[in-house]
Amino acid sequence: MHTQTGTSMIEVLVTVVILSVSLLAMAAMQTQSVKLNQSALLRSQANIMAYEIMDRIRINRGKDSINITSYTADYDATPSGNAMAVQDVRSWRNNLASTLPAGKGAINCVAATRLCKISVKWSEEQIFGAAGTGNPDATTEFVYQTNI
């Protein structure tokens, strides 16, 4: 009778395959983790930017006859009215554009209800998809509404 000494080549190959698959799975998890952390960073920055303009509106309401509706502006439209509101929105949008990829912001304030709706949107194509593909799912939009 022969007794087996050592391991066979098949056992070694199975071990190598199992190890390779598990290492690839860990690398995929690490890549996904980095993507999600980058997305969370952008969301946090958008949140900070929305609160920034809300605070500017709160601080400036009632100053030099500034009405909260002076801050109302669509994504591409410049607000009309008081120069301070126009300057605040311009500065806020410049911060959005420099902080968030394709960052844009809109504000809709209603004086009668004293509610302001702040919308911030940006692109996450560089994180989750090939840049320039125009994937609509790569655009994220946050909408905040607050009583001023």
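Up top you'll find the structure we're talking about.
This report concerns the structure included in the present document. Counting from 1, residues in each chain are numbered in the order their sequence is written. Selection of residues for local features in this predicted model requires a pLDDT of at least 70, selection of side-chain atom pairs for listing and counting requires 80 or more, and totals for whole chains, interfaces and linings are taken over all residues. Only hydrogens and water are removed before side-chain values are computed, so all heavy atoms of the structure are retained for them.

Moving on to the overall build of the protein. Scanning the protein for helices and strands turns up three helices and three strands. Comment: elements are numbered from the N terminus, with helices defined as DSSP H or I runs of at least four residues and strands as E runs of at least two. From first element to last, N terminus to C terminus, the protein shows the α and β order α-α-β-β-α-β. Counting over 148 residues, the protein shows a buried share of 30%. Per-residue and other accessible areas follow the Shrake-Rupley method at a 1.4 Å probe size, with only the shown protein chains counted as cover for residues. With the model as given, the accessible surface of the protein reaches about 9400 Å², and the carbon-plus-sulfur share is 57%. Note on exposure labels: buried denotes an accessible area under 20% of the residue type's maximum, exposed denotes more than 50%, and partly exposed covers the range between, all computed with a 1.4 Å probe on protein chains only.

So, on to helix α1 (residues 9–60). One full turn of an α-helix is made of 3.6 residues, so residues set three or four places apart face in the same direction. Expected span, for any helix, means 1.5 Å times one less than how many residues it has. A rise of 1.5 Å per residue sets the reference length of α1, with its 52 residues, at 76 Å; its end C-alpha atoms lie 77 Å apart and thus fit the reference within 8%. A positive phi of about 85° marks Gly62, the residue just after α1.

The next subject is the pattern of salt bridges. Take a side-chain nitrogen of Lys or Arg and a carboxyl oxygen of Asp or Glu: if they are within 4 Å of each other, that pair is a salt bridge. Per the stated rule, a full pass over the model turns up four salt bridges. In this structure, the salt-bridge partner of Arg56 is Asp88, at a minimum N-O distance of 3.8 Å. Here Arg56 is found in helix α1, whereas its partner Asp88 is found in helix α2 (residues 83–99), with 32 residues between them in sequence. No difference in accessibility class separates Arg56 from Asp88, as the two residues are buried. The partner of Lys104 in a salt bridge is Asp76, and the shortest N-O contact between them spans 3.2 Å. One end of the pair, Lys104, is in strand β1 (residues 104–110); the other, Asp76, is in the loop between α1 and α2, with 28 residues separating them in the sequence.

Time to look at the packing of α1 against α2. For helices, the fitted axis covers only the stretch in contact; all axes are lines through C-alpha atoms, and the angles between them, taken along N-to-C directions, range from 0 to 180 degrees. Following both chains from N to C, one finds α1 and α2 inclined at 170°, their axes separated by 11 Å at the closest point. One finds that α1 runs roughly antiparallel with respect to α2. Note on element contacts: α2 touches α1 through Met84, Asp88, Ser91, Trp92, Asn95, Leu96 and Thr99, opposite Leu42, Gln45, Met49, Ala50, Glu52, Ile53, Arg56 and Asn60. Polar here means any residue other than Ala, Val, Leu, Ile, Met, Phe, Trp, Tyr, Cys and Pro, which are nonpolar, and Asp, Glu, Lys and Arg, which are charged; Gly is therefore polar. Grouping the constituent residues of the contact of α1 with α2 by class yields seven nonpolar, five polar and three charged. For classification purposes, angles smaller than 35 degrees are called roughly parallel, those larger than 145 roughly antiparallel, those between 65 and 115 roughly perpendicular, and all remaining angles oblique. We call two residues contacting when some pair of their heavy atoms lies within 4.5 Å.

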